[in-house]
Amino acid sequence: MPGGAVVFGTTDTSRIEAPVTLKTYFMCVFAAFGGIFFGYDTGWMGGVLGMPYFIQIYTHKPYPDDPRAAHIPSDFALPAWEKSLMTSILSAGTFFGALIAGDIADMVGRRPTIIMGCVVFCLGCILEIAPEDVLAVFVIGRLVAGAGVGFISAIIILYMSEIAPKKVRGALVSGYQFCITIGILVANCVVYATQDRLDTGSYRIPIGVQFSWAIILGTGLLFLPESPRFWANKGDIEKATVALARVRDQPRDSDYVQDELAEIIANLEFEKANTPQLSYVGSWLACFKGSLFDGSSNIRRTLVGTGLQCAQQFTGINFIFYFGTSFFQTLGTISNPFLIALITTLVNVVSTPISFYIIERFGRRRILLIGGSLMVVCQFIVAIVGTAAPHAQTPGGNPSAVKVEIAFICMNIASFATTWGPAAWVVVGEMFPLPIRSRGVGMSTASNWFWNCIIGVITPYFVSTDELDLGPKVFFIWGSTAALSVTFAYFFVSETKGLSLEQVDQMLRETTPRTSSTWRPHTTWAAESGKVEKVVEDKAS
């Protein structure tokens, strides 16, 4: 490889990574800040759709007698098609942004791609704020901002997975999901504060706050190191060594740095030998190489990554965060739907840190199965109570039934926040081999946003009073799709807890998803490729 001499490693599977330091923690925690973009946008859009001023400028309906957001009648609302368009168009932009980001990240690096995403995002926010009663410009702004979020959401996961230590990688990448929940909470707080303003500040303030996230993340990344695996993939061992020493907070000539770098390079050489890079199109086709029945094949990993992100969306969680305010307004009994939406968001935030512990204690696969099963139960209870309880669907007819629905909606959110929310992102960041990792993570993130977009398009028609008006019965749909998500995880998701990214490759070659939790590392890539002379000479001396 160009950029340096041959690096020798170790045969000791426990010595391929340096001890975790505080500096490494801080790097990953700051990178996780990118989740704010995802969460904040999810939060503010749902609230703005229920604001009296925003509804009035796009429908031109006269204000009701009491124009406060908590008291507007159900017929004073945006039509389903407008809600659908405004909500889903961001996901469409994010879908394409995530796909493009993988190529850019391989060309210029992980950090520059994320910074580029911050700039694109700001341009989109300007277009969202600039117009008043110009739907086309607002929608274009959502599309451009979505492309920026696509860059950030895909490459943040890639960057964090590549620099985080294996012992705490799950917890640190879960920090991304925690930042998503923080973003949703902050958005709900801002929306709650501006909901009753009858001027452009009602929606421009929530949108404008997003500029601060882009400035903080983009500026901070200028001071963080590039991913050492990016430089290794480029063949520049010298820069890979410097980057790895920085992220592990070790001297460049440390045995830990040399052993981990040797492991990265040995695994990369093996993967490139089995995935030759012929052309641009060929490198994309490499993501679909192999047999679907081979757990370590590229096509199987691509299926699992994109399928898992699809499954996460079909747990139904974003229905609550995108359309929760509108849904609570239709129940009639709730005096302030905005406040209930804020409470459900708070449940999301408080629950997520639990995942930092359980994802490393019990593993990714187990919590996906348990958490998904709890979500299925909660959603069916919401649907059954809302449908079968006497007068439950009559506004103000059965306050007790509505309280039960809200309680189980909160339990459903807590189950997601501790399991499917973080674990799906963690698994996607861990499972792809380095030659296709950026594209694999990009496609998986694009899958998340594609299905997010589909849900954003169809859901208003499920619950809007001028369309199907399913009300609580919509949770029969989400309970059923959540059951399918659990089934997918059982048959396709392997356990990656406590393994380096290179050891994940070994595990996938030697196990099946249902036996993966018992697998333990028994050799190193450096040993298999014969690059262990350094260790032998040290022992002899």
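As annotated in an unreviewed UniProt entry, the chain carries the name General substrate transporter and comes from Favolaschia claudopus. The Subcellular location (unreviewed entry) comment attached to the chain in UniProt states, word for word, "Membrane".

Colleague: Mind showing me how you'd approach the pattern of salt bridges here?
Modeller: Where charged atoms of side chains with opposite charge meet at close range, the side chains can pair. As enumerated under the stated definition, the model contains 13 salt bridges in all. Among the ionic pairs, R169 bridges to E430, the shortest N-O distance being 2.8 Å. With R169 in helix α7 (residues 169-194) and E430 in helix α20 (residues 420-430), this pair connects stretches of sequence that are 261 residues apart. For E430, a relative accessible area of 0% puts it in the buried group. Among the ionic contacts, a cluster of salt bridges with common partners joins D106, R110, E162 and R437.

Colleague: Hey, could you run me through helix α23 (residues 501-510) in this one?
Modeller: Among the 10 residues that make up α23, 8 are buried, leaving the element largely enclosed by the rest of the structure. For α23, the full list of buried residues reads L501, E502, Q503, V504, D505, Q506, M507 and L508.

Colleague: Please explain the packing of aromatic side chains as it appears in this structure.
Modeller: Aromatic ring pairs are defined here through the distance separating the ring centres and the angle between the ring planes. One pass over the full model with this rule turns up 20 aromatic pairs. Taking the centre distance of 5.0 Å and the plane angle of 85° together, the rings of Y490 and F491 count as edge-to-face. What links up through ring pairs into an aromatic cluster is the set Y53, F54, Y58, F138 and Y203.

Colleague: How should the environment of I205 be read in this particular structure?
Modeller: Looking at the element boundaries, I205 is found in helix α8 (residues 201-208). For I205, a relative accessible area of 36% corresponds to the partly exposed category. Remark: the alpha-carbon pair of I205 and T194, spanning 11 residues in sequence, is separated by 7.7 Å. Residue contacts for I205: discarding those within four places in its chain leaves Y40, V190, T194 and R197.

Colleague: Help me out: how do you make sense of the packing of helix α2 (residues 35-48) against α7 in this one?
Modeller: Two quantities define a packed helix pair, namely the angle between the helix axes and the distance between the axes. In the contact formed by α2 and α7, the axes pass within 6 Å of each other and the chain directions differ by 30°. When the axes of α2 and α7 are compared, the pair comes out roughly parallel. Where α2 crosses over α7, the handedness of that crossing is right-handed. Residue-level inspection shows G35, I36, F38, G39, Y40, T42, G43, W44, G47 and V48 of α2 in contact with α7, the latter providing Y176, C179, I180, I182, G183, I184, V186, A187, N188, V190 and V191. When grouped by side-chain class, the residues that make up the contact of α2 with α7 number 14 nonpolar, 7 polar and no charged.

Here is what the cut-offs are and how they apply
- Residues numbered from 1 in each chain as written.
- Predicted model: local features only at pLDDT ≥ 70, side-chain atom pairs only at ≥ 80, totals over all residues.
- Heavy atoms only, no water.
- UniProt positions renumbered as here; feature names shortened; annotations may be inferred.
- Salt bridge = Lys/Arg side-chain N within 4 Å of Asp/Glu carboxyl O.
- Helix = DSSP H or I, 4+ residues; strand = E, 2+ residues; numbered from the N terminus.
- Buried < 20%, exposed > 50% of the residue type's maximum accessible area, 1.4 Å probe, protein only.
- Phe/Tyr/Trp six-rings, centres within 6.5 Å; stacked < 30°, edge-to-face > 60°.
- Contact = heavy atoms within 4.5 Å.
- Axes fitted to C-alpha atoms, helices over the stretch in contact; angles between N-to-C directions.
- Parallel < 35°, antiparallel > 145°, perpendicular 65-115°, else oblique.
- Left-handed = near helix turned anticlockwise from the far one by under 90°.
- Nonpolar A, V, L, I, M, F, W, Y, C, P; charged D, E, K, R; others polar.

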